[in-house]
Amino acid sequence: MWTTTSRVVSRTARCTWTDERKTRERKASKVRSNPENRSSLDEDVLERLRKAEEEAATLREQLQKTQQDRRDSSESPTWGLDPKQRVDERTTYIREGGFLGGGKGKTPWLQESQLAEFLASGGPSEAEKTEPVTDEEKATVNRRLFGGIALSAGAIAFALVPLGKKKPMKPLYFYLTAVLITRSALEELEEDVENVRWEDARSLLERLLGPPNNIKSNLLSAAGYLEDKKAYRKADALARDAVEYLEEVDYTKYFDNRVVPAGKQEREFVAFSKKCIRAASSKLDEFLSLMPRDAVEAARATIEA
């Protein structure tokens, strides 16, 4: 049933297409056989060609007019200048002539010849208008000159005075007593660090650096007793180095670590702190070697008493 219906529809479509083709062929044969139809077709084509030519001519005129308008608008006023002449030429520069004084055939810029002429000419100078200096003015100048030289010499001499040297207010053995106490306490400090007793080590450091020992001020005061400038500078440097090493014993001063270290990190902190303690001990021993022997012995006697 379905196959029969498909065949009928297909046959009907073929018949319809065949009829339409035959109809088109008959119309085409009529046009070819009838001269009037051919002439009407030719006239229609010619009419279209004529209109196309008219439109093309109109477009050409509009294009020429647009181009002319653009040329007119792009041309700037010359104010009497020659349009063929460049305004940026070195030899003319006429446009700037109104402002810089140049004119036709002249340049507004200063030429080398003009500069040489200006320098060679006798222009006005300060020497022509100055009056001779009187004896009183010469004396004033000399007095001020000598005063400036004296002030400069005083400033230089003041700069050569060692800064930071304080006049001690107490006997030397008093300051050396604090130094010896600190040197002895470093052995206890190293033991605390070795056994990872950070709280005990930190508490001892606070007593050494601050009250009651105040190691820094006592070191500097003891160094002030040295009369020799070279020995004083060396003792001052040793004192500051020793204090700096002591401040670095606490790992919280040089490591940003708020947690109690452990393992490998703990061993690294212990090793670093021990190096600082030993370096501070060496600096203090060298400092004490610069002090008078009798003052050091008096300080030891005070401690043992």
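About the thresholds
- Note on numbering: residues in each chain are counted from 1, in written sequence order.
- Predicted model: local features are reported for residues with pLDDT of at least 70 only, side-chain atom pairs are reported and counted for 80 or more only, and whole-chain, interface and lining totals are derived from all residues.
- As a rule here, side-chain values come from all non-hydrogen atoms in the structure, and water together with hydrogens is ignored.
- Every helix listed is a DSSP run of H or I at least four residues long, and every strand listed is a run of E at least two residues long, numbered separately from the N terminus.
- Contact definition: two residues touch when any of their heavy atoms are within 4.5 Å.
- Computed with a 1.4 Å probe, the accessible areas rest on the Shrake-Rupley method; for each residue, only the protein chains presented here act as cover.
- Put simply, a nonpolar core is a bunch of buried Ala, Val, Leu, Ile, Met, Phe, Trp, Tyr and Cys residues held in one set by side-chain atoms that sit within 4.5 Å of each other.
- The buried label applies to any residue whose accessible area, calculated with a 1.4 Å probe on protein chains only, is under 20% of its type's maximum; exposed applies above 50%, and partly exposed to all values in between.
- Salt-bridge detection follows one rule: a side-chain nitrogen of Lys or Arg within 4 Å of a carboxyl oxygen of Asp or Glu.
- Here the expected length of a helix is defined as 1.5 Å per residue gap, with one fewer gap than residues.
- Polar contact criterion, stated in full: a pair of N or O atoms within 3.5 Å, where within protein one must be able to donate a hydrogen and the other to accept it, and residues adjacent in sequence count only if both atoms are side-chain atoms.
- Cavities and pockets are found on a 1 Å grid laid over the protein atoms alone: a cavity is a set of points where a 1.4 Å probe fits but cannot escape, a pocket is an open set with protein on both sides within 12 Å along at least five of seven lines, and a lining residue has an atom within 4 Å of such a point.
- Grid points are joined across faces, edges and corners, and a volume is the space filled by probe spheres set on the points.
- Following the grouping adopted for this structure description, the nonpolar residues are Ala, Val, Leu, Ile, Met, Phe, Trp, Tyr, Cys and Pro, the charged ones are Asp, Glu, Lys and Arg, and the polar ones are all others, Gly among them.
- Angles run from 0 to 180 degrees between N-to-C directions of axes, and those axes are lines fitted to C-alpha atoms, restricted for helices to the stretch in contact.
- In this scheme the crossing of two helices becomes right-handed for a clockwise turn of the near helix relative to the far one and left-handed for an anticlockwise turn of less than a right angle.

*Asks:* So what's going on with the overall build of the protein chain? Which residues, and what values?
*Replies:* In terms of helices and strands, the protein chain carries 12 helices and 0 strands. Secondary structure of the protein chain in N-to-C order comes out as α-α-α-α-α-α-α-α-α-α-α-α. Pairs at least 24 apart in sequence give 64% of the contacts found in the protein chain among residues at least 6 apart. Accessible surface for the protein chain amounts to roughly 23,800 Å². Of this, 55% is attributable to carbon and sulfur atoms.

*Asks:* Would you mind going over the nonpolar core in detail, with residue names and values included?
*Replies:* Grouped together as the largest cluster of nonpolar side chains are 42 residues, with contacts concentrated most on Leu 176, Leu 186, Leu 189, Leu 219, Phe 287 and Met 291. Within the residue set of this core, elements represented by two or more residues are helix 7 (172–194), helix 8 (198–209), helix 9 (215–223), helix 10 (229–247), helix 11 (263–290) and helix 12 (293–304). Considering each element in turn, this core owes the most residues, 9 residues, to helix 7. Ignoring any residue separated from it by four or fewer positions in sequence, one finds Leu 189 in contact with Ala 201, Leu 204, Leu 205, Val 249 and Ile 277.

*Asks:* Tell me about the pattern of salt bridges, and name the residues and values.
*Replies:* Taken as a whole, this structure holds 13 salt bridges when the rule is applied. Between Arg 202 and Asp 250 there is a salt bridge, with its nearest N and O atoms 3.1 Å apart. Remark: Asp 250 occurs in the loop between helix 10 and helix 11 and Arg 202 occurs in helix 8; sequence separation between them is 48 residues. With a relative accessible area of 19%, Arg 202 lands in the buried category. In this structure Asp 250 comes out as buried when scored by relative accessible area, which is 9%. With a closest N to O distance of 3.6 Å, Lys 234 and Glu 286 form a salt bridge. Here Lys 234, found in helix 10, pairs with Glu 286, found in helix 11; they are 52 residues apart in sequence, far enough to count as distant. Classification of Glu 286 as partly exposed rests on a relative accessible area of 31%. Overlapping salt bridges, with partners in common, bring together Glu 47, Arg 50 and Glu 54 in one network.

*Asks:* Describe helix 10, listing the residues and the values that go with them.
*Replies:* In this model helix 10 runs 27 Å from its N-terminal to its C-terminal C-alpha over 19 residues, within 8% of the 27 Å that 1.5 Å per residue would give. On its buried face, helix 10 is in contact with helix 7, helix 8, helix 9 and helix 11. Residue Asp 228 occupies the N-cap position of helix 10, its side-chain oxygen lying 3.3 Å from the main-chain nitrogen of Lys 230.

*Asks:* An account of empty space enclosed by the protein is requested, with residue identities and associated values reported.
*Replies:* Empty space left among the atoms is revealed by rolling a probe the size of a water molecule over them. Under the counting rule described, the total for this entry stands at 1 cavity of 30 Å³ or more. Looking at the largest cavity, its volume works out to about 30 Å³. If you trace the largest cavity, you find it lined by Val 193, Trp 198, Ala 201, Arg 202, Leu 205, Val 249 and Asp 250. If you tally residues by element for the lining of the largest cavity, the top one is helix 8, at 4 residues. Its residues assigned to classes, the lining of the largest cavity shows 5 nonpolar, no polar and 2 charged.

*Asks:* Describe unusual backbone geometry, and please don't skip the residues or the numbers.
*Replies:* Of note, the amide linkage connecting Pro 211 to Pro 212 takes the cis form, showing an omega dihedral of 10°. Within the fold, Pro 212 resides in the loop between helix 8 and helix 9. For Val 196, which is not a glycine, the phi torsion comes out positive at approximately 60°. Considering the arrangement of structural elements, one finds Val 196 in the loop between helix 7 and helix 8. Judged by relative accessible area, Val 196 falls into the partly exposed class, the value being 31%.

*Asks:* Tell me about the packing of helix 7 against helix 12, and name the residues and values.
*Replies:* In the contact formed by helix 7 and helix 12, the axes pass within 8 Å of each other and the chain directions differ by 65°. Considering the relative orientation of helix 7 and helix 12, their crossing is right-handed. Between helix 7 and helix 12, the contacting residues are Leu 172, Tyr 173, Leu 176, Thr 177, Leu 180 and Ile 181 on the first element and Ala 295, Val 296, Ala 298, Ala 299, Arg 300, Thr 302 and Ile 303 on the second. Per-class residue counts for the contact of helix 7 with helix 12 are 10 nonpolar, 2 polar and 1 charged.

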